[in-house]
Amino acid sequence: MKSTYLLTAAMSALLLSGCANREGVAPSQNASLHAVSPSTTATSEAGSMQRSLDGWLKEEWTPMTKTATVTTTTTMPDGKVITETKMVEVPEPVDTEPFTLQKYADKWKVYHENKAKMMEGKPKEPSNVDLVNSLPVIGK
C-alpha cells in the first residue's frame, strides 16, 4: 500500500516535470507544453456558433439596422402621382454616449420591422408549437 502511494507520487512528479523543459519559462514559450497542447487553434479557428453569429451580423443584422425607408411622391405632367419607396442606408453616428439597453432595443425594433416588410407575402414557416400540435399522438 505504501509502495503504491510512493509509485503514484513518483509518476506524478515525472509527468509534471516533463511539461517544463526549464524552470521559470512562461507557458507561452514552453516547447514541451506546446507539443502536448498547442494554443494556436483556439485563436485561429472560431467555432461554428461564432461563425454563424458573425455571418448573421454581417449579412442580416447590419444591413437591416442601417437602412431607413424613404418614400418619394412625384406628380407627372399628366396628373399621374407616382409613389416610390426605397431603403436608403443611413450612416451610423459616432457613439460617444454611455451604454444603454434602449439603443439596442430600438435597433432590434427596426430590425424586426424591416424583416417583417421583407417577409410580407412569403409563406410563413410553421412554428415549433404548430409542428408539435400536428403530431398524431401528441397534437390536438
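The structure under discussion appears in the preceding block.
Being a predicted model, the structure only gives us computed values, none of them experimental.

Calculation notes
- Within each chain, residue numbers correspond to sequence positions counted from 1 in written order.
- In view of the model being predicted, local features appear only for residues whose pLDDT reaches at least 70, and side-chain atom pairs are presented and counted only at 80 or more, with totals across whole chains, interfaces and linings using the full set of residues.
- As a rule here, side-chain values cover all heavy atoms of the structure and leave hydrogens and water aside.
- Where helices and strands are cited, they refer to DSSP runs of H or I of at least four residues and of E of at least two residues respectively, numbered from the N terminus.
- Exposure categories follow from relative accessible area, calculated using a 1.4 Å probe and restricted to protein chains: below 20% of the type maximum is buried, above 50% is exposed, and the middle band is partly exposed.
- Residues are treated as being in contact if the distance between any of their heavy atoms lies within 4.5 Å.
- Residue exposure ignores everything except the shown protein chains as possible cover, and the areas themselves are Shrake-Rupley values with a 1.4 Å probe.
- Here a Phe, Tyr or Trp ring, Trp counted by its six-membered ring, pairs with any other such ring whose centre lies within 6.5 Å, and the pair is stacked when the planes are under 30 degrees apart, edge-to-face when over 60, and tilted otherwise.
- When a carboxyl oxygen of Asp or Glu is within 4 Å of a side-chain nitrogen of Lys or Arg, the pair counts as a salt bridge.
- Take the residue count of a helix, subtract one, and multiply by 1.5 Å to get its expected span.
- A residue's bend is simply the angle between two axes: one fitted to the seven residues ending at it, one to the seven starting at it.
- In this analysis, axes come from line fits to C-alpha atoms, helices being fitted only over the stretch in contact, and the angle between any two N-to-C directions falls in the range 0 to 180 degrees.
- Throughout this description, any angle smaller than 35 degrees is read as roughly parallel, any larger than 145 degrees as roughly antiparallel, any in the 65 to 115 degree range as roughly perpendicular, and the remainder as oblique.
- Under the convention adopted here, Pro, Cys and the residues Ala, Val, Leu, Ile, Met, Phe, Trp and Tyr are nonpolar, Asp, Glu, Lys and Arg are charged, and Gly plus all remaining residues are polar.

**Student:** How would you explain the overall build of the chain if you had to name every residue and give the values?
**Tutor:** Regarding its fold elements, the chain presents 6 helices and 2 strands. In the chain, the order of α-helices and β-strands from amino to carboxyl end is α-α-α-α-β-β-α-α. Split into buried and exposed, the 140 residues of the chain put 5% on the buried side. Considering only intrachain contacts with a sequence separation of at least 6, the fraction spanning at least 24 residues in the chain is 30%. For the chain, the accessible surface area stands at approximately 12400 Å², while carbon and sulfur atoms represent 62% of it.

**Student:** Any chance you could break down the packing of aromatic side chains for me, citing the residues and the numbers?
**Tutor:** Throughout the structure, instances matching the rule amount to 5 aromatic pairs. With 5.7 Å between their ring centres and 75° between their planes, tryptophan 56 and tyrosine 111 make a pair best called edge-to-face. Of the two residues, tryptophan 56 is situated in helix 4 (residues 48-65) and tyrosine 111 in helix 5 (residues 101-119); the sequence distance between them amounts to 55 residues. Given the relative accessible area of 27%, tryptophan 56 is considered partly exposed. Assessed through its relative accessible area of 4%, tyrosine 111 is described here as buried. Their ring planes at 40° and their centres at 5.3 Å tell us that tryptophan 61 and tyrosine 111 sit as a pair that is tilted.

**Student:** Just give me the short version of the environment of isoleucine 82, but keep the residues and values in it.
**Tutor:** Of note, isoleucine 82 is situated in strand 2 (residues 81-89). Given the relative accessible area of 31%, isoleucine 82 is considered partly exposed. Between the alpha carbons of isoleucine 82 and threonine 72 there is a distance of 8.2 Å; along the sequence they are 10 residues apart. Excluding residues within four positions of it along the chain, isoleucine 82 makes contact with Thr72, Thr73, Thr74 and Met76.

**Student:** Residue-level account of the pattern of salt bridges, with values.
**Tutor:** One pass over the structure, following the stated rule, counts 2 salt bridges. One salt bridge in this structure joins glutamate 60 and lysine 115, with 2.6 Å as the shortest N-O distance. Here lysine 115 lies in helix 5 and glutamate 60 lies in helix 4, a separation of 55 residues in the sequence. According to the relative accessible area criterion, glutamate 60 is partly exposed, its value standing at 22%. The class of lysine 115 is partly exposed, set by a relative accessible area of 28%. In this structure, lysine 109 and glutamate 113 form a salt bridge, with 4.0 Å as the shortest nitrogen-oxygen distance. Highlighted residues: lysine 109 and glutamate 113, both in helix 5, separated by 4 residues, approximately one helical turn.

**Student:** Any chance you could break down helix 4 for me, citing the residues and the numbers?
**Tutor:** Structurally, the α-helix is built with 3.6 residues per turn, so residues lying three or four positions apart point the same way. Compared with the 26 Å implied by 1.5 Å per residue over 18 residues, the 24 Å span of helix 4 between its first and last C-alpha is a close match. The sharpest bend along helix 4 measures roughly 40° and falls at leucine 57. Among the residues making up helix 4, those that are buried are Trp61, Met64 and Thr65.

**Student:** Please give an account of the packing of helix 4 against helix 5 that cites residues and values.
**Tutor:** Two elements in contact, helix 4 and helix 5, have axes separated by 8 Å at closest approach and are oriented at 95°. The orientation of helix 4 relative to helix 5 falls into the category roughly perpendicular. Here Trp56, Glu60, Trp61, Met64 and Thr65 of helix 4 come into contact with helix 5, specifically with Lys107, Trp108, Val110, Tyr111, Asn114, Lys115 and Met118. By residue class, the composition of the contact of helix 4 with helix 5 is 7 nonpolar, 2 polar and 3 charged.

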